[in-house]
Number of protein chains: 2
Amino acid sequence: MNEKLDEKRLVTKTIYEGKIIRVKEDLVELPNGKETTREVVQHPGAVGMLAVQDGQIFLVRQYRYALQQETLEIPAGKIDRGEDPEICAIRELREEIGYTGKMKYMGTFHTSPGFADEIIHLYQADELQWSPLSSDEDEFLGVIKVPLAEAVDMVMNNELKDAKTVLAILWANRLFAIPAGAEYLEK
Amino acid sequence: MNEKLDEKRLVTKTIYEGKIIRVKEDLVELPNGKETTREVVQHPGAVGMLAVQDGQIFLVRQYRYALQQETLEIPAGKIDRGEDPEICAIRELREEIGYTGKMKYMGTFHTSPGFADEIIHLYQADELQWSPLSSDEDEFLGVIKVPLAEAVDMVMNNELKDAKTVLAILWANRLFAIPAGAEYLEK
């Protein structure tokens with residue numbers, strides 16, 4: 001691919017500076033020389049942890065205001081300014097489920113490349129030890145444990161809808177090579 | 001879980017109305033009665049298609065302005081107002097890779113539940129037939145084909161970073177039960 005796909009920033013305008021996000025509206029030059037605007041949400045980045053204990057994984061139930069509903073997700077959290085992602089992962093795991101653990105890096109992902117710069121670093125956490133840390137003041141959570149094989153079923157039935165959670169569970173499924181259930185093979 | 005996790009909207013304020021996103025800053029009441037603000041990005045929703053032909057999948061190279069880099073992703077696109085997601089999937093597939101196909105619904109996912117309401121409907125597209133449709137005016141794409149097994153390797157090596165793309169490939173891997181490579185089983 002030697003086609004030039006880049007878009008050149010001509011003007012940048014900050015629309016909003018929130019506690020978590022910054023919103024920009026930029027004027028850009030397209031590869032064909034024409035101009036358009038691009039809307040960008042800037043986010044500090046996040047971590048997500050697939051915490052495994054005795055073949056079970058931890059899921060966190062919480063109310064997601066943006067979705068106006070409760071979700072079940074792997075423990076996760078925003079990176080503080082200048083914080084190392086792995087340190088953040090250990091801190092957030094203690095805050096959300098009360099355990100510290102050994103972090104194994106899984107990968108880094110873009111959640112919404114069409115309009116946001118958010119990246120999420122995913123870890124597998126094991127060798128868990130109880131070590132709670134009081135959590136964010138405005139966060140209210142419920143914690144459950146689910147066998148990994150059951151979590152995979154919940155993914156394939158689309159009961160779990162959070163992208164990072166589904167990605168982490170399918171990743172672990174691939175790593176540990178859980179046999180596919182017969183119901184998924186018919187087609 | 002009978003703990004009450006809901007957050008009640010007290011005041012809603014629209015900060016920005018863009019071409020694609022709307023940004024809101026709401027004052028909410030937390031489960032403990034305290035108040036805080038929530039930043040919300042509203043998005044029209046999207047579709048993503050894992051298009052399969054002779055054991056190969058299609059990936060699209062494009063410049064993502066929000067990330068300031070080129071990415072490799074499955075074909076995808078925003079839902080037009082009032083558009084049925086499956087109709088959108090067929091349209092976007094024709095626009096992005098030039099093929100129409102039979103859509104098999106995979107599931108619906110939340111990309112960034114912490115700050116955005118974006119949902120993405122994923123489909124597996126097969127029985128592909130050449131039927132190009134001219135694409136969005138400000139979209140510049142390159143299309144490649146990769147064997148599914150190789151795409152799974154690209155996922156596990158974190159060469160592919162787009163969450164919906166990784167999710168769709170791992171989902172297909174689970175469905176088709178591709179054996180895990182030995183390198184993923186050592187641990």
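No experiment lies behind these values; they were computed from the predicted model shown.

Reading guide: rules and limits
- Residues numbered from 1 in each chain as written.
- Chains lettered and ligands numbered in written order.
- Predicted model: local features only at pLDDT ≥ 70, side-chain atom pairs only at ≥ 80, totals over all residues.
- Heavy atoms only, no water.
- Core = buried A, V, L, I, M, F, W, Y, C linked by side-chain atoms within 4.5 Å.
- Buried < 20%, exposed > 50% of the residue type's maximum accessible area, 1.4 Å probe, protein only.
- Contact = heavy atoms within 4.5 Å.
- 1 Å grid on protein atoms, 1.4 Å probe; cavity = no way out; pocket = protein on both sides within 12 Å on 5 of 7 lines; lining within 4 Å.
- Points joined across faces, edges and corners; volume = space filled by probe spheres on them.
- Helix = DSSP H or I, 4+ residues; strand = E, 2+ residues; numbered from the N terminus.
- Nonpolar A, V, L, I, M, F, W, Y, C, P; charged D, E, K, R; others polar.
- Pairing = 2+ DSSP bridges.
- Buried area = accessible area lost by both parts, 1.4 Å probe.
- Salt bridge = Lys/Arg side-chain N within 4 Å of Asp/Glu carboxyl O.
- Polar contact = N/O pair within 3.5 Å; in protein donor to acceptor, adjacent residues only side chain to side chain.
- Domains from an automatic or database assignment.

Topic: the nonpolar core
If you look at the biggest cluster of nonpolar residues, it comprises 56 residues, and the most contacted ones within it are A:Leu50, A:Ile169, A:Trp171, B:Leu50, B:Ile169 and B:Trp171. Other than its neighbours up to four places away in sequence, B:Leu50 contacts B:Ile57, B:Ile74, B:Met106, B:Tyr123, B:Gln124, B:Ala125, B:Ala168, B:Ile169 and B:Ala172.

A closer look at empty space enclosed by the protein
Enumeration according to the criterion identifies one cavity of 30 Å³ or more in this entry. Quantified by volume, the largest cavity comes out at close to 30 Å³. Every residue lining the largest cavity is listed: A:Phe109, A:Thr111, A:Ile120, A:Leu122, A:Ala163, A:Lys164, A:Leu167, B:Thr111 and B:Ala163. Ranked by residue count, the leading element in the lining of the largest cavity is helix H3 (residues 163–176) of chain A, at three residues. Class assignment of the residues belonging to the lining of the largest cavity gives a composition of six nonpolar, two polar and one charged.

What to know about the pairing of strand S3 (residues 35–42) of chain A
Residues and elements named next belong to chain A. Note: strand S2 (residues 22–29) against S3, eight bridges, orientation antiparallel. What sits directly across from Val23, in S3, is Val41. The hairpin formed by S2 and S3 contains five residues between the paired strands, and Gly33 there has a positive phi angle of roughly 90°.

Digging into the interface of chain A and chain B
With 83 residues of chain A in contact, the opposing surface of chain B contributes 83 residues. Between chain A and chain B the total buried area reaches about 7600 Å² when both faces are included, carbon and sulfur atoms providing 62% of it. Three residues, A:Tyr65, A:His110 and A:Arg174, lead the burial of chain A against chain B; their summed loss comes to 12% of the area buried on that side. At the boundary of chain A and chain B, one finds zero salt bridges. Tallying contributions element by element places H3(A) first for the side of chain A that touches chain B, with ten residues. Across the side of chain A that touches chain B, the residue classes tally to 41 nonpolar, 19 polar and 23 charged.

A short note on the side chain of B:Asp26
All names here are of chain B. Within the secondary structure, Asp26 is located in strand S2 (residues 22–29). By relative accessible area, Asp26 is classed as buried at 3%. At 3.4 Å, the side chain of Asp26 and the side chain of Arg9 are in polar contact. Polar side-chain contacts of Asp26 include one of 2.7 Å to the side chain of Thr12.

Some details on the domain arrangement of chain A
By a widespread convention, an interface's size corresponds to the accessible area lost as its parts come together. Residue and element names in this part refer to chain A. Examined at the domain level, chain A breaks down into domain 1 (8–42) and domain 2 (46–176). Between the C-alpha centres of domain 1 and domain 2 the distance comes to 30 Å. At the interface, five residues of domain 1 touch four residues of domain 2. By the criterion of area lost to domain 2, the three top residues of domain 1 are Ile20, Val41 and Gln42, representing 72% of everything that side buries. Our count for the contact surface shared by domain 1 and domain 2 stands at zero salt bridges. Its residues assigned to classes, the side of domain 1 that touches domain 2 shows three nonpolar, one polar and one charged.

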